[in-house]
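Okay, here's what each chain looks like letter by letter:
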Amino acid sequence: MVKKKKFIYWAILSVFILIGTILSININTSSFFGEPSPKNIKKEHNFVESSPITFNEKPDFNISYKTIELTVFENQKDILLVDMGSKPQEIYLSYNEPDRNVYVVKNYITGEEKILYENKNVFATAIQGVYNDILYIIETIIQDEKLVSDVVLVNNNGSVYRYNIGKMDKIPYVQQLDNLLLINYEYREENMVKTYLTYFDMTNFNQENILQEQYTENLSGTVTGKYILFAGGMENTIYYQIVEYNDEDIEKGGKSYIYKINKNDINSAEKLFELENKALFLSGDENSLIISDYVFEPPFYDSGKLYIKNNDNWSYTIIPNVTAGADLIGAEKISDKVLLIFNNESFYIYDYINKQYMEERYRKKFDSLYSRINVSSNKFLYLEDNNGKFYLHVYSYFD
């Protein structure tokens, strides 16, 4: 019974999670499967109901915008925008051919492109992007009825480096935080499910375990224990969520708590507060926290929240038009105190010092397909596929 409920729960969440010469380097993951080793909790705050705060709508943020029609080749199908490059007018794309998936770096003005990497027989891609001109991909394949995930790094010369994460029972949830890939995954041993939060450092190719928790599936169909569910962050701040169960239904039960750590000190865990609902998405910097609630019962609206820290207290504002099915999927800083927050329909700019915001719906045509928004410094863009014609929409923010 609990397996069926857990499958339904993760099937819903998976909608939001998913949207050459190889040098194999195996990372020692044996320590990941030992007994839980909780980190030192330096601070623990009792839950206090957060107070609301008002943001005023400001439609005239200083933003430039342009649209560029992208030249593509006839054999390129299912084109996806992977990320921006470091050079002006440079983007990374992926596309499908009949027997392979291809990654290229492309000049979107001249149309010139270079193939960097090809793969095939990949079950799922948890994340793909570019860090310091290195293409990174987390690939998952099926091996011996288990999922096996690797970090794949590709440099501008097309050299490929592969790092094994390990076996798991679900496609990992991954977020990039500068040089780190935060990886949240689970592994089952009979009626015990162990969950892990690890990071992979793209500068020194090291994988480190941040935290391990576990829960037990009871004969009654309930669960008991702790479950690490999603992580994210900005700059030096990492937020993660732990759901605690005491003989409860895995979907409807449990108490959800938000923790914060400094990415340079994984022993600096600080328990912040309890959430009213489980979070589908979380991110933020030292003084802000963005959350999208997991809502499975009415009301289905007002599920996006921006929390602002003031001393040890947190105030929040509702992010408009964030609902179940239109949940938040990304957040980045585009200026010192300005956040870009987005779902699959709209993006939001929040100045959390002056308490101002704007909302713009970018999914304007029902017959077009839109990529996820990609962000680099003060610039963000997305790709529109309108019946085989591709348009790059490029925005720049200025203080």
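In the block above lies the structure referred to throughout.
A brief structural summary. (Residues numbered from 1 in each chain as written. Predicted model: local features only at pLDDT ≥ 70, side-chain atom pairs only at ≥ 80, totals over all residues. Heavy atoms only, no water.)

**Structural notes on the overall build of the chain**
And then number 1: Secondary structure assignment for the chain yields one helix and 33 strands.
And then number 2: The buried share of the chain, reckoned over its 399 residues, is 53%.
And then number 3: As presented, the chain carries roughly 18600 Å² of accessible surface, and 46% of it is formed by carbon and sulfur atoms. (Helix = DSSP H or I, 4+ residues; strand = E, 2+ residues; numbered from the N terminus. Buried < 20%, exposed > 50% of the residue type's maximum accessible area, 1.4 Å probe, protein only. Areas by Shrake-Rupley, 256 points an atom, 1.4 Å probe, with all protein chains shown as cover.)

**Description of the environment of Phe366**
And then number 1: With respect to the helices, strands and loops of the structure, Phe366 is situated in the loop between strand E29 (356-361) and strand E30 (368-370).
And then number 2: Residues Phe366 and Asn386, 20 residues apart in the sequence, show an inter-C-alpha distance of 9.4 Å.

**Describing the side chain of Lys278**
And then number 1: Mapped onto the elements of the fold, Lys278 is located in the loop between strand E21 (265-275) and strand E22 (279-283).
And then number 2: Buried charge without a salt bridge: Lys278, with Asp249 as the nearest opposite-charge side chain at an N-O distance of 6.9 Å.
And then number 3: Only 2.8 Å separates the side chain of Lys278 from the backbone oxygen of Glu251, close enough to count as a polar contact.
And then number 4: In this structure the side chain of Lys278 is engaged in a polar contact, spanning 2.8 Å, whose partner is the backbone oxygen of Gly253. (Lys, Arg positive; Asp, Glu negative; His and termini not counted. Salt bridge = Lys/Arg side-chain N within 4 Å of Asp/Glu carboxyl O. Polar contact = N/O pair within 3.5 Å; in protein donor to acceptor, adjacent residues only side chain to side chain.)

**Focus on the environment of Asp247**
And then number 1: By the element assignment, Asp247 lies in strand E19 (residues 237-248).
And then number 2: Here the alpha-carbon distance between Asp247 and Val223, two residues 24 residues apart in the chain, equals 5.1 Å.
And then number 3: Apart from residues lying up to four places away in sequence, Asp247 is in contact with Asn218, Ser220, Thr222, Val223 and Thr224.
And then number 4: In terms of polar contacts, Asp247 uses its side chain to reach the side chain of Asn218, at 3.4 Å. (Contact = heavy atoms within 4.5 Å.)

**Notes on the packing of aromatic side chains**
And then number 1: Counted by the stated rule, this structure contains 22 aromatic pairs.
And then number 2: On the numbers, 4.7 Å between centres and 45° between planes, the contact of Tyr362 with Tyr382 is tilted. With Tyr362 in the loop between E29 and E30 and Tyr382 in strand E32 (residues 379-386), this residue pair connects regions lying 20 residues apart in the sequence.
And then number 3: Arranged with centres 4.9 Å apart and planes meeting at 0°, the rings of Phe380 and Tyr395 form a pair that is stacked. On the criterion of sequence distance, the pair formed by Phe380 in strand E32 and Tyr395 in strand E33 (residues 389-397) is long-range, its members being 15 residues apart.
And then number 4: Ring pairing ties together the aromatic residues Tyr65, Phe347, Tyr362, Tyr370, Phe380, Tyr382 and Tyr395, which thus form one cluster.
And then number 5: The residue whose ring lies beneath Lys58 is Phe61, and the NZ or CZ to ring-centre distance is 4.9 Å. (Phe/Tyr/Trp six-rings, centres within 6.5 Å; stacked < 30°, edge-to-face > 60°. Lys NZ or Arg CZ within 6 Å of the ring centre and 35° of its normal.)

**A short note on the sheet that holds E29**
And then number 1: Read from one edge to the other, the open sheet built from five strands follows the order E4-E29-E28-E27-E26, with strand pairing classed as mixed. The outermost strands of the open sheet, each flanked by one partner alone, are strand E4 (56-57) and strand E26 (330-335).
And then number 2: Pairing analysis gives six bridges linking strand E28 (residues 346-351) to E29, with the strands arranged antiparallel. Residue pairing across strands places Asp351 opposite Gln356, the latter belonging to E29. (Pairing = 2+ DSSP bridges.)

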